[in-house]
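So the chains spell out like this:
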Amino acid sequence: MYGFEAMTFNIHGGYLEAIVRGHRAGLLTAADYNNLCQCETLDDIKMHLSATEYGPYLQNEPSPLHTTTIVEKCTLKLVDEYKHMLCQATEPLSTFLEYITYGHMIDNVVLIVTGTLHERDVQELLEKCHPLGMFDSIATLAVAQNMRELYRLVLVDTPLAPYFSECITSEDLDDMNIEIMRNTLYKAYLEDFYKFCQKLGGATAEIMSDLLAFEADRRAVNITINSIGTELTRDDRRKLYSNFGLLYPYGHEELAVCEDIDQVRAVMEKYPPYQSIFSKLSYGESQMLDKAFYEEEVKRLCLAFEQQFHYGVFFAYMRLREQEIRNLMWISECVAQNQKSRVHDSVVFIF
Amino acid sequence: MGGGTHRPTMDLLRSEPMQLVQLIIPIESAHRSISYLGDLGFFQFKDLNSEKSPFQRTYATQIKRCGEMARKLRFFKEQMVKAGLSPSTRSAISDDVDLDNLEVKLGELEAELMEMNANHEKLQHSYNELIEYKLVVQKAGEFFHSAQSMAAAKQREVEAQQRGEGSIDSPLLLEQEMVTDPSKQVKLGFVSGLVPREKSLAFERILFRATRGNVFLKQSVLEGSVTDPASGEKAEKNVFVVFYSGERARNKIVKICEAFGANRYPFTEDLSKQFQIITEVSGRLEELKTTIDVGLVHQTNLLQTIAYHFEQWSHLVKKEKSIYHTLSMLSIDVTKKCLVAEGWCPVFATNKIQNVLQRATVDSNSQIGTIFHILQTKESPPTYFHTNKFTSAFQEIVDAYGIAKYQEANPGVFTIITFPFLFAVMFGDWGHGICLFLATSYFIIKEKKFSSQKLGDITEMIFGGRYVIMMMALFSIYTGLIYNEFFSVPFELFGPSAYGCRDPACRDASTAGLVKVRATYPFGVDPKWHGTRSELPFLNSLKMKMSILLGVAQMNLGIILSYFNAKFSGNELNIRYQFLPQMIFLNSLFGYLSLLIVVKWCIGSQADLYHVMIYMFLSPTDDLGENQLFFGQKFLQIVLLLAALVAVPWMLFPKPFLLKKQHEERHRGQSYALLENSLDESDEMEVRHGSSSHEEFEFSEVFVHQLIHTIEFVLGAVSNTASYLRLWALSLAHSELSSVFYDKVLLLAWGFNNIFILIIGIFVFICATVGVLLVMETLSAFLHALRLHWVEFQSKFYEGDGYKFQPFSFASLDAEDE
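Here the structure is a predicted model, which means the values were calculated and not measured. (Residues numbered from 1 in each chain as written. Chains lettered and ligands numbered in written order. Predicted model: local features only at pLDDT ≥ 70, side-chain atom pairs only at ≥ 80, totals over all residues. Heavy atoms only, no water.)

**Thoughts on the overall build of chain A**
Next, step 1: A tally of helices and strands in chain A yields 18 helices and zero strands.
Next, step 2: For chain A, the C-alpha radius of gyration of 21 Å lies close to 20 Å, the compact-globule estimate for 351 residues.
Next, step 3: Scored against the burial criterion, the 351 residues of chain A give a buried share of 54%.
Next, step 4: Looking at chain A alone, contacts between residues at least 24 apart form 64% of all its contacts between residues at least 6 apart.
Next, step 5: Entry remark: accessible area of chain A is about 15600 Å², with carbon and sulfur atoms responsible for 51%.
Next, step 6: On chain A, the mean spot of the 31 positive side-chain charges and the mean spot of the 52 negative ones are 3 Å from each other. (Helix = DSSP H or I, 4+ residues; strand = E, 2+ residues; numbered from the N terminus. Rg over C-alpha atoms; globule rule 2.2 N^0.38 Å. Buried < 20%, exposed > 50% of the residue type's maximum accessible area, 1.4 Å probe, protein only. Contact = heavy atoms within 4.5 Å. Areas by Shrake-Rupley, 256 points an atom, 1.4 Å probe, with all protein chains shown as cover. Lys, Arg positive; Asp, Glu negative; His and termini not counted. Charge placed at Lys NZ, Arg CZ, Asp CG, Glu CD.)

Structure, rendered in structure tokens:
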């Protein structure tokens, strides 16, 4: 029913779209960031944030504050908003909203498994988990010794179960394995999400496929850069790329054989949308790549709000809020550690 | 601005004259000065630091401190609510608390309270743990007991079977099994504890998976809920006992227990030890209970002392915070010796403000007094009406449309009477009026009580408008008496009806009609009209004409007010080229109609007014025939028509051209001004003052504006007059509805002669009257009256583009924060 969403979308999705657009209007603006960057102490940050939507969440925090508290409270706000939206959502929007959290779930699983491997306290690890990616038996992950057990014991009950089918091995867990597992899971997740969005059709499919393709391509680049110089074989590397996106399939073939960052750059510059990202970087540099990608992502996410009657706004909003929280974390850290000169290094202005 | 000062003050019609004042306050008396000004509440500070972000301002640290104290107070409040205490409303007022002491004190109290809470939590934690332990021991004891008795029964059965050897029924293998059993027996370990009920299924499943089914789990449901020691929340839980074999399984089970938040408790199989444990635990529970109680008493005492001072403290903190906010708005002098404040204050309060500043200087032992300096400005001052509790609601009605421009005529004055009156025209029923009056007098009598407490949304609204409603009710009683409506029952209040039957038998009352037997009914509509066939045509004609009269009168009032506005601001142009043609246009058409109506009423003619009005336009020269009401009517009509036609271009053309001319002259005048008028400085000031506001004069814009204005007025004169017919329509609807409820519900129920049906009928009647007539109709009549005021009345003269005077005042602080 492409082009006819306007007739039926508002029956179920109208209220929530209004809500999410309202939330988006509450995102911090460039003026806010300018003010935040001038703060001298964390209390100043709190004072400034108390005039924004974060106010009610921070007002009862005793000074002196810590960066973690700020981030925690801001995340709490995001989670509250998400839960509210999820409660109000009907199918298929509720499934769509749940899909958004699977990425966090994967990260949490990896976090706990890695942590247990290094014999950290489970409770401590649980506190570090992103609250959006929590599921009931997450603490039980600590019991598992290998992938098979991990799957059989815990993950079989979670929505991640189908993604695991590709990485069940009886090997014991080690850092490398876990990293491969994370990427395999992510690949399966992105592909599934992509398929789901295609099934929804209409503007949702159009916009989400663009956003997800960007995500997939970014992951492909990151995997390539991170795997340079490790014992990961080309074939294995190739297997970790998601089977869609702008780079699929020819770009993947080329990325799979890259041996250093400049080769990656050469590959990416063939694709016009990514040319601009890489043209900002000097040769041999990969430090600023993350920021460049984030900036591009934010730009695309903001564009998603330009069209109405699709679910992409929910995805975009959650991502933008997360970016905002990352920004706040960076600013607070810089302020707390008196590194104000570096404040602009990693802040991605949203508006 | 200049004109207002030497006129007598008109309390509500013109807003208070204001002045822009600069205060130069020495830094040592600044805090006290601001505080006194806040008590006085007549000074609106301008933000002189608007370009600075909140934390760059001078007093940011103090504001932060106040914020911190406010947080502590919130914490206390939370604790008080938890403990079921409410802050005593009238606490001891001792003035000797200052901010620094209070900060220290609050800090101490918070620390004390936190420590108490921590202790309490610790104790409560162990208490809850012990309770859980006790429950586990009891429940698990039951498992073991029942299991043992079952095992014993099995054993006996088996023994019995063994004795009765040779029975064919006994399975052959069983015997073997039973014999070999003791030798193979493995020592089974077990873990017991409590698991939240909603997680118990998942818990069981994971246990099963993790140990590949090599466990035996027994659960039993606990009646009621248990307080969880970790979270301190009530939860429903299950007692479980897991049997396992082997150390590895144990490790896994322990980990799973941790993951599920299941609390494990040790347990022994030995019965005597169980008893021992239970008694021990019970003993310790007793001890803990008393300790906790003592702690609670302590805490309550502390909270009570806090509650005693709470209101005072929170008021002080709010006050200080607002003072520092205000101080942050002032700009600091270069020498850092004094603060410079700018702001608006009403002229009448000048002395009060100066006195207060003087007092602040003396009280803070400052050597230098505050300098009070009036500034000249072109900025438009804020609008400030001195309202009381009666007039404020009416002023609100006007303010909801737009705040009056500084010193323009305030429609609020007239609204006090016209609003309730127009409402009552639509709501004319003195029975309903009395109901409304009783309801609103309840609010007015209980005013003191209600104003101090927090009301619900709708109640708050009704309470706020209680005097409006009272006036509406009084006017409804008045118009109700005129309409002779009382729940649609006619009354002969002012003497007997003027009409009677031709003959005493009075059978043909409805067919042959009535004759006038007495003098005219002295007040309002004759009750005999009620229920007759000609009731509707009669009332319609009456109400329709009345609405037009009222409408024309109110619109004329609006235009006359525009004259007063023009006169006040000395704008001759508006009087000559706007007010005059508007008056002529409106009155030559609709004023004439009103005249016709009145004449028709007076002489009782049967002329058709529609016909007269329509043919006045279509063929003004035709003879009026039987529609002629008075001599010379035709001539008058032609004159009026011509006057109306002339009025339109009169409104449209001269003003923009004259404005243009004025503008050009002023520019020329300005260049000569320095030479010619250098003596008269004030005049020159005036000229420059005036010209600056018209700096860029766009003729086309002014002309289009005037065009729009003219079209709006001309069309509006017709449509607004028609709009006043809503008075008739709503009043008709109201009386018809009430007669329907009366006839079709109450009288119908009465007709059945059955007490039961009558009760139902009365009930339905009351519900319908209250729900539809009193609530819904009130609302709709209110809205229509509102529209008539906002659109038809105020559009004639009201600019409404001012802004409200918001003085810095402590009195409004409490209301704001709630």
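**With respect to the interface of chain B and chain A**
Next, step 1: Taken together, the 20 residues of chain B in the interface contact 24 residues of chain A.
Next, step 2: Summed over both partners, the interface of chain B with chain A comes to about 2000 Å²; 56% of that surface belongs to carbon and sulfur atoms.
Next, step 3: Viewed at the interface, chain A and chain B are joined by one salt bridge.
Next, step 4: Lys 64 of chain B is the salt-bridge partner of Asp 44 of chain A, the closest N and O atoms lying 2.6 Å from each other.
Next, step 5: Our count for the chain B to chain A interface comes out at three residue pairs in polar contact (both at pLDDT 80 or more).
Next, step 6: Residue assignment for the side of chain B that touches chain A shows that the elements contributing at least two residues are α2 (60-82), α5 (197-210) and α6 (247-259) of chain B.
Next, step 7: In the side of chain B that touches chain A, the residues fall into nine nonpolar, two polar and nine charged. (Buried area = accessible area lost by both parts, 1.4 Å probe. Salt bridge = Lys/Arg side-chain N within 4 Å of Asp/Glu carboxyl O. Polar contact = N/O pair within 3.5 Å; in protein donor to acceptor, adjacent residues only side chain to side chain. Nonpolar A, V, L, I, M, F, W, Y, C, P; charged D, E, K, R; others polar.)

**Some details on the pattern of salt bridges**
Residues and elements named next belong to chain B.
Next, step 1: Following the criterion strictly, the structure yields 35 salt bridges over all chains and no others.
Next, step 2: Residues Glu 379 and Lys 46 are paired through a salt bridge, measuring 2.9 Å at the closest nitrogen-oxygen approach. Placement of Glu 379 in the loop between β11 (371-375) and α9 (391-401) and of Lys 46 in the loop between β2 (44-45) and α2 is noted, with a sequence separation of 333 residues between them.
Next, step 3: On the basis of relative accessibility, which here comes to 38%, the residue Glu 379 falls in the partly exposed class.
Next, step 4: For Arg 576, the salt bridge goes to Glu 572, with nearest N and O atoms at 3.2 Å. Of the two residues, Arg 576 and Glu 572 both sit in helix α16 (residues 572-603), four residues apart, roughly one turn of that helix.

**Re the sheet that holds strand β7 (residues 237-244) of chain B**
Residue and element names in this part refer to chain B.
Next, step 1: One open sheet holds the four strands; their spatial order is β4-β7-β3-β8, and the pairing between them is antiparallel. Whereas interior strands pair on both sides, the edge strands pair on one side only; in this sheet they are β4 (216-221) and β8 (263-265). Along the sheet, successive strands turn relative to each other by an average axial angle of 25°, direction set aside.
Next, step 2: Taken together, the eight bridges between strand β3 (residues 189-196) and β7 define a ladder with antiparallel strand orientation. In the sheet register, Ser 192 faces β7, and the bridge partner there is Val 241. (Pairing = 2+ DSSP bridges. Axes fitted to C-alpha atoms, helices over the stretch in contact; angles between N-to-C directions.)

**A few points about the UniProt feature "coiled-coil region" (unreviewed entry) in chain B**
Next, step 1: Sequence positions flagged by UniProt for "coiled-coil region" (unreviewed entry) are, in local numbering, residues 99-126 of chain B.
Next, step 2: Helix makes up 100% of residues 99-126 of chain B and strand 0%, with an end-to-end C-alpha separation of 40 Å. (UniProt positions renumbered as here; feature names shortened; annotations may be inferred.)

**Some points on a positive patch on the surface**
Next, step 1: Judged by side-chain charge, Arg 148 and Arg 152 of chain A together with Arg 212 and Arg 248 of chain B come together as a positively charged surface patch.
Next, step 2: By the element assignment, Arg 248 of chain B lies in helix α6. (Patch = residues over 30% accessible without salt bridge, like charges linked within 9 Å, V, L, I, M, F, W, Y side chains within 5 Å.)

**Here we look at a nonpolar patch on the surface**
Next, step 1: Taken together, Ile 755, Phe 756, Ile 759, Ile 760, Phe 763 and Val 764 of chain B make up a surface patch of nonpolar side chains, about 650 Å² in accessible area.
Next, step 2: The topology assignment puts Ile 755 of chain B in helix α23 (residues 755-793).

**Let's talk about the environment of His 31 of chain B**
Residue and element names in this part refer to chain B.
Next, step 1: Mapped onto the elements, His 31 comes out in helix α1 (residues 27-40).
Next, step 2: Along the primary structure His 31 and Ser 364 are separated by 333 residues, whereas in three dimensions their C-alpha atoms are 9.3 Å apart.
Next, step 3: His 31 has contacts with Glu 320, Ile 323, Tyr 324 and Leu 327, leaving out every residue within four places of it along the chain.

**A closer look at the packing of α16 of chain B against helix α17 (residues 609-618) of chain B**
Residue and element names in this part refer to chain B.
Next, step 1: At a minimum axis separation of 11 Å, α16 and α17 run at an interaxial angle of 150°. Comparing their axes, α17 and α16 come out roughly antiparallel. The crossing of α16 and α17 is right-handed. Between α16 and α17, the contacting residues are Ser 588, Leu 589, Tyr 592, Leu 593, Leu 596, Ile 597 and Lys 600 on the first element and Leu 609, Val 612, Met 613, Met 616 and Phe 617 on the second.
Next, step 2: Partitioning the contact of α16 with α17 into residue classes produces ten nonpolar, one polar and one charged. (Parallel < 35°, antiparallel > 145°, perpendicular 65-115°, else oblique. Left-handed = near helix turned anticlockwise from the far one by under 90°.)

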